[in-house]
Amino acid sequence: MSITATIILPTTDNRGALLPFSVGAVQRQTISDFELFIIGDGVSEETRTIIYQLMQQDNRIHFVDQPKHPRRGEVYRHQVLQQAKGRIVAYLCDRDLWLPNHLATLACCLQQANLVTTGLYSVQEDDRLFIPFRPMRPAGISFSTLSTVGHTLDFYHQLPYGWRTTPPSIPTDVYMWQQMLAQPNCRPFTNWLPTVLYFKRGDHPGWTVAQRHPELSRWFGRLQSPHTLQPALDNALSQVIYDRNRLRIKWISLRGKSLNQLPNWFSQKIRYWLNPLLKPVTEETDWPAPIESVH
């Protein structure tokens, strides 16, 4: 029987303590007909115990327990997708959280496209959200992280290889997306709406589970209380609009200058930026930064 989504959630080692948060974000999706495969790539006994507890609470959760792979367990993902039942396939890193509309957004976009990525909110160290700049690729899609990407299962079955062991110098997900984009029948699409809370990885190997746990716990609590989460989302979007308008104003101020006027104009601007006290009263000043919501 077909369902809407197959979800792949890879994990490894001792990250079991983080799974109630990432799995909980999946369970809070507005789409409920999914199957979730937690792929264990050399997990500890403690992590294994936590996964079994999650399975007992929700029969949509399945566990693929495998020994540590030389890379990130790519071949295990391929094996799972041979038995998957979802119309679409989505991925979630065990250190990220989906907003409740993520699966619905992917499912809608994958009605026409067969490879989709959404936007994300990057969680900053000062507990703010930031929407990072993402350059547009020639194929018209802008990938950011594993947790934002989805594709149709039918498209996956048409690939020459699927998930496979990645060469050492290439990120595993990038290697996979390159394979997909190389197919002549690939129909990629970027939905710029942020639907993922992305948590900074840090320098390899990054934060320990003990360091990461309080951060995910705090933000998962906000996911369960929309009135506390929404101000943070609104402030991040306001900052994007503010930055865009500032850029537009600076571009408008550039228009109307002849080529022989530009060197002196740029020189004057640089002097003003280096020493704001030199700026005359008539010079157009920057807009004030957006005011954060207070709740």
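For the structure, see preceding data.
Keep in mind that this is a model prediction, so the values were computed, not measured. (Residues numbered from 1 in each chain as written. Predicted model: local features only at pLDDT ≥ 70, side-chain atom pairs only at ≥ 80, totals over all residues. Heavy atoms only, no water.)

(A) Quick peek at the overall build of the protein. Per the secondary structure count, the protein includes 9 helices and 9 strands. Partitioning the intrachain contacts of the protein with sequence separation of at least 6 by distance along the chain shows that 77% fall at a separation of at least 24. As displayed, the protein offers around 15,900 Å² of accessible surface, 56% of which is attributable to carbon and sulfur atoms. (Helix = DSSP H or I, 4+ residues; strand = E, 2+ residues; numbered from the N terminus. Contact = heavy atoms within 4.5 Å. Areas by Shrake-Rupley, 256 points an atom, 1.4 Å probe, with all protein chains shown as cover.)

(B) Quick look at the side chain of D58. Tracing the backbone shows D58 in the loop between α2 (45–57) and β3 (61–66). Here R60 takes part through its side chain, which lies 2.8 Å from a polar atom of the side chain of D58. (Polar contact = N/O pair within 3.5 Å; in protein donor to acceptor, adjacent residues only side chain to side chain.)

(C) Local environment of the state of the cysteines. Under the criterion given, the structure shown has 0 disulfides. Cysteine C109 shares no disulfide, and the gap to the nearest cysteine sulfur, in C108, comes to 5.5 Å. Judged by its relative accessible area of 12%, C109 falls in the buried class. (Disulfide = S-S within 2.5 Å. Buried < 20%, exposed > 50% of the residue type's maximum accessible area, 1.4 Å probe, protein only.)

(D) View of the nonpolar core. Membership of the largest hydrophobic core comes to 29 residues, with the highest contact counts inside it found for V23, L36, W98 and L103. Taken together, the elements giving at least two residues each to this core come down to β1 (3–13), α1 (19–27), β2 (34–43), α2, β3, β4 (86–91), α4 (102–109) and β6 (115–123). Of all hydrophobic cores here, the second largest spans 23 residues; its members include L81, V89, L115 and W163. (Core = buried A, V, L, I, M, F, W, Y, C linked by side-chain atoms within 4.5 Å.)

(E) Summary view of the pairing of β6. Of all 9 residues that make up β6, 9 are buried, and the element is covered over most of its length. Of the pairings in the sheet, the one linking β6 to strand β8 (residues 149–152) comprises 3 bridges and is antiparallel in character. What sits directly across from V116, in β8, is G150. By the bridge criterion, 8 bridges tie β6 to strand β9 (residues 188–199) in an arrangement that is parallel. Paired with V123 across the two strands is F199, which belongs to β9. Note that β6 and strand β7 (residues 129–130) share 2 bridges and pair antiparallel. Looking at β7, one finds that V123 is bridged to L129. (Pairing = 2+ DSSP bridges.)

(F) How the structure looks around the pattern of salt bridges. In total, this model carries 10 salt bridges according to the counting rule given. In this structure, the salt-bridge partner of R48 is D65, at a minimum N-O distance of 2.6 Å. Linking R48 in helix α2 with D65 in strand β3, this pair joins segments that are 17 residues apart in sequence. Among the residues examined, D65 registers a relative accessible area of 34% and is labelled partly exposed. (Salt bridge = Lys/Arg side-chain N within 4 Å of Asp/Glu carboxyl O.)

(G) Representation of the side chain of D94 within the structure. Mapped onto the elements of the fold, D94 is located in the loop between β4 and β5 (97–98). Here T11 takes part through its side chain, which lies 2.8 Å from a polar atom of the side chain of D94. Separated by 3.4 Å, the side chains of D94 and R15 make a polar contact.

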